[in-house]
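These are the residues of each chain, in order.
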Amino acid sequence: MFKHSPAFSGFAVNDLTAARAFYADVLGLQVSEQHGMLRLHITGSRPVLVYPKPDHVPAAYTILNFPVDDVDAAVDALAASGVNLLRYAGMNLDERGVMRGQGPTIAWFADPAGNILSVLENT
């Protein structure tokens, strides 16, 4: 039924202005706005819809992953922009908060709405 539908993903935030600043200025994504919602223009994909939801509760899982060639360089860039990595108890994280040796090298961080994002090494 939907084989040829140009599907896309979306998620909620509680503050569209803060989300726009974070995704555009901190992460460097192209962001557009239409009908009171944002579109994140991600390379090689359909845009991701970001919509306002005043009573937003962030998911307890990763909603958006950014594959990179060098996780350490991405972590350095995030830190330079004031973004803190998330640290999960019981996970094998190094001193910087990067998980290595259990699948792809990966680090997690959150957007201003508390949505969980990651940078993970291309494999």
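Up top you'll find the structure we're talking about.
Residues numbered from 1 in each chain as written. Predicted model: local features only at pLDDT ≥ 70, side-chain atom pairs only at ≥ 80, totals over all residues. Heavy atoms only, no water.

**Q** Now, about the environment of Pro112: what can you tell me, with residues and values included?
**A** In this structure, Pro112 sits in the loop between strand 6 (106-110) and strand 7 (116-121). Residue classification places Pro112 among the partly exposed residues on the basis of a relative accessible area of 46%. In this structure Pro112 touches Ala18 and Phe22, once residues within four positions along its chain are discounted. (Helix = DSSP H or I, 4+ residues; strand = E, 2+ residues; numbered from the N terminus. Buried < 20%, exposed > 50% of the residue type's maximum accessible area, 1.4 Å probe, protein only. Contact = heavy atoms within 4.5 Å.)

**Q** Which residues make up the sheet that holds strand 6, and what values do they have?
**A** Read across the open sheet, the three strands follow the order 5-7-6; overall the sheet is mixed. In the strand order of this sheet, the two ends are held by strand 5 (62-68) and strand 6, each with one partner. Here the strands of the sheet are splayed against their neighbours by 25° on average, with no regard to which way each runs. Each of strand 5, strand 6 and strand 7 touches helix 2 (residues 71-80); the most contacted strand, strand 7, lies at about 145° to it. (Pairing = 2+ DSSP bridges. Axes fitted to C-alpha atoms, helices over the stretch in contact; angles between N-to-C directions.)

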